[in-house]
Amino acid sequence: MQLGYTILYVEDVTATVAFYEAAFGLTRKFIHESQLYAEMETGTTVLAFAGNPMAEFNDIAIRPNTLGELPAGFEIAFVTDQPEAKFKTAVEAGAVSVKVPTAKPWGQIVGYVRDLNGCLVEIASPVAPKPAND
């Protein structure tokens, strides 16, 4: 078993794709002609967006993601060598600042924003490797 997709259900797939391009510098892989599904280029695991009506189509019930509610109990994490600069870019593109990038005890710098759907997004530096023991 391996993780293949992370799919977020959203109100507007095309607006979400445009936001992720502007806020996080991602590139769209494709948007389905129905405008109800899209995938982004993110490396080996696909980040995808499905329109809320797709949940009903798939015979599942969801709580829609919205900025008016607390974020759901998950986050998307983007890793970058420039977390402070990328955090600023995301906020300038319309992300809602939750917590500015802060140094963590394990050596990582981590900040949080919410996307236009209210989803929690972590922007972090890579985890610093532990020094090898002599």
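Just above, that's the structure.
So, how was this worked out
Residue numbering note: each chain is counted from 1, following its sequence as written. Local features in this predicted model are restricted to residues of pLDDT 70 or higher, and side-chain atom pairs are both shown and tallied only at a pLDDT of 80 or more, whereas totals for entire chains, interfaces and linings draw on every residue. The basis for every side-chain value is the complete set of heavy atoms in the structure, and neither hydrogens nor water enter the calculation. A pocket here means an open set of points on a 1 Å grid, computed over the protein atoms alone, that has protein on both sides within 12 Å along at least five of seven lines. A cavity is instead a set of points where a 1.4 Å probe fits but cannot get out; residues with an atom within 4 Å of a point line either one. Grid points are joined across faces, edges and corners, and a volume is the space filled by probe spheres set on the points. A run of H or I in DSSP counts as a helix once it spans at least four residues, and a run of E counts as a strand once it spans at least two, with each numbered from the N terminus. Each residue gets one of three labels, nonpolar for Ala, Val, Leu, Ile, Met, Phe, Trp, Tyr, Cys and Pro, charged for Asp, Glu, Lys and Arg, and polar for the others, Gly among them. One fewer than the residue count of a helix, multiplied by 1.5 Å, yields its expected span. Classification of residues uses two cut-offs on accessible area relative to the type maximum, computed with a 1.4 Å probe and protein chains only: under 20% is buried, over 50% is exposed, and between them is partly exposed. Arc definition: directions from the helix axis to the C-beta atoms. Whenever two N or O atoms come within 3.5 Å, that pair is a polar contact, provided that in protein one can donate a hydrogen and the other can accept it, and provided that, for residues adjacent in sequence, both atoms are side-chain atoms.

## Points about the layout of surface pockets
And then number 1: Roughly 170 Å³ of volume is contained in the largest pocket.
And then number 2: The wall of the largest pocket is formed by A22, A23, F24, G25, L26, F78, V79, T80, K86, T89 and I123.
And then number 3: Elements represented by at least two residues in the lining of the largest pocket include exactly α1 (13-24), β5 (75-79) and α3 (83-92).
And then number 4: Tallied by class, residues from the lining of the largest pocket come to 7 nonpolar, 3 polar and 1 charged.

## Looking at α1
Because each turn of an α-helix spans 3.6 residues, side chains separated by three or four positions end up pointing in the same direction.
And then number 1: Given a rise of 1.5 Å per residue, 12 residues ought to cover 16 Å, and the 16 Å separating the end C-alpha atoms of α1 matches this to within 8%.
And then number 2: Buried within α1 we find V13, T16, V17, F19, Y20, A23 and F24. An end-on view of α1 places all buried positions within 165 degrees of arc, on one side of the element.
And then number 3: Positioned one or two residues after α1, G25 has a phi angle of 70 degrees, which is positive.

## Observations regarding the environment of S34
And then number 1: Tracing the sequence through the fold places S34 in the loop between β2 (27-31) and β3 (37-41).
And then number 2: In the structure, S34 is positioned 21 residues away from V13 in sequence and 9.9 Å away in space, judged by C-alpha atoms.
And then number 3: A distance of 2.8 Å separates a polar atom in the side chain of S34 from a polar atom in the side chain of H32.
And then number 4: In terms of polar contacts, S34 uses its side chain to reach the backbone amide nitrogen of L36, at 3.2 Å.

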